[in-house]
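Residues per chain are reported as follows:
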Amino acid sequence: MSTAALAVEGVSVAFGGVKALSEVSFEVPAGQRWGVIGPNGAGKTTLFDVISGLRRPTAGRVLVGGRDVTGVPAVRRARGGLRRTFQRTQVFGRLTVRDNVLAALEWEGGGGGLPADLVAWPSRRRLESRRRERAEEVLTRCGLADLRDSYAASLPVGQRRLVELARAIVASPSLLLLDEPTSGLDADQTARLGEIVRGLGTTVLLVEHDVGFVMDTCDHLVVLDLGKVIAAGPPSVVRHDPVVRAAYLG
Ligand SMILES: Nc1ncnc2c1ncn2[C@@H]1O[C@H](COP(=O)(O)OP(=O)(O)OP(=O)(O)O)[C@@H](O)[C@H]1O
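Residues numbered from 1 in each chain as written. Predicted model: local features only at pLDDT ≥ 70, side-chain atom pairs only at ≥ 80, totals over all residues. Heavy atoms only, no water.

A. Representation of the sheet that holds strand S7 (residues 175–179). A sheet is described by the order of its strands in space; here 6 strands give the open sequence S6-S7-S8-S3-S9-S10, paired in mixed fashion. Edge positions in the sheet fall to strand S6 (82–84) and strand S10 (228–233), since each of these pairs with one other strand and no more. In this sheet, adjacent strand axes meet at a mean angle of 15 degrees when their direction is disregarded. Of the strand pairs in this sheet, S7 and strand S8 (residues 203–207) are connected by 5 bridges, and their pairing is parallel. Looking at S8, one finds that Leu178 is bridged to Leu206. Running at roughly 165 degrees to S7, helix H6 (residues 157–169) makes contact with S6 and S7 of the sheet. Lying on the sheet, helix H10 (residues 242–249) is in contact with strand S3 (33–37), strand S9 (220–225) and S10; it crosses S10 at an angle near 125 degrees. (Pairing = 2+ DSSP bridges. Helix = DSSP H or I, 4+ residues; strand = E, 2+ residues; numbered from the N terminus. Axes fitted to C-alpha atoms, helices over the stretch in contact; angles between N-to-C directions. Contact = heavy atoms within 4.5 Å.)

Structure follows, in structure tokens:
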């Protein structure tokens, strides 16, 4: 059996008396796109916080590529190839769109660091030009090429969300978590986002309230309600599940 890109095993999180997650388990095979849906307060963001390392679960484990990362800090998970976007966009407002994307690539390291910058080693210059090419490629893919020199703070929320997505994908993550990626996007931007996400080929887990987008974009859905998994399966099955209809889809 191949190793799952992501395994969530019996994860529980309690906030005082509130059980935000209760023994949540699922495995996402490599290369698949999975969606997490459920009503407000179901535990979706808490689940993302646990997977990305921002919150330690009260019980259970998280494995990425077969490796137990439950005790690994968020920054090391990110360096290991796990990238995430947030419900409230997180971009550098005072940097241009291109510099936002380039900054996300600096994580990759290499090329000799500061000393190499100071003496402009050829290896550093080559690395720099590869980074710029890669950033340009992703800006084009995200429909941001014409905005490359705009400051991120000057953009409307939909475009800021695309900048955040560009930052998340530029270093070719092995696991991408998207938290409400269509929020604030217009219909054209949502369609573009769907194309980008479907074309990535990487493992994606996304939380989303736009049910049409989720159904079109995901191979498989996990439905949470009050911190528990109440259903899981392909979108075509989940959408007809009477329990899901009662709890969420209506
Ligand atoms: N830091 C916290 N302290 C106390 N309770 C919290 C905290 N964070 C979340 N909760 C509670 O945990 C539960 C799950 O919240 P969570 O934000 O994960 O849900 P969600 O499915 O992401 O909701 P939404 O769709 O509104 O974003 C809710 O009852 C929420 O009030």
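B. Focus on the site of the ligand. Within the structure, the ligand sits among 14 residues, and Asn40, Gly41, Lys44, Thr45 and Thr46 are positioned closest to it. Contact distances for the ligand include 2.8 Å between an oxygen atom and a side-chain N or O atom of Lys44. A distance of 2.8 Å is found between an oxygen atom of the ligand and a backbone nitrogen or oxygen belonging to Thr45. The protein chains hide 61% of the 640 Å² of surface that the ligand would expose on its own. Counting residues per element, the ones that place at least two in the shell around the ligand are strand S2 (18–28) and helix H1 (44–52). The element that contributes the greatest number of residues to the shell around the ligand is H1, accounting for 3 residues. Looking at the shell around the ligand residue by residue, the classes come out as 5 nonpolar, 7 polar and 2 charged. (Near = heavy atom within 4 Å. Polar contact = N/O pair within 3.5 Å; in protein donor to acceptor, adjacent residues only side chain to side chain. Areas by Shrake-Rupley, 256 points an atom, 1.4 Å probe, with all protein chains shown as cover. Nonpolar A, V, L, I, M, F, W, Y, C, P; charged D, E, K, R; others polar.)

The analysis is restricted to geometry; functional conclusions fall outside its scope.
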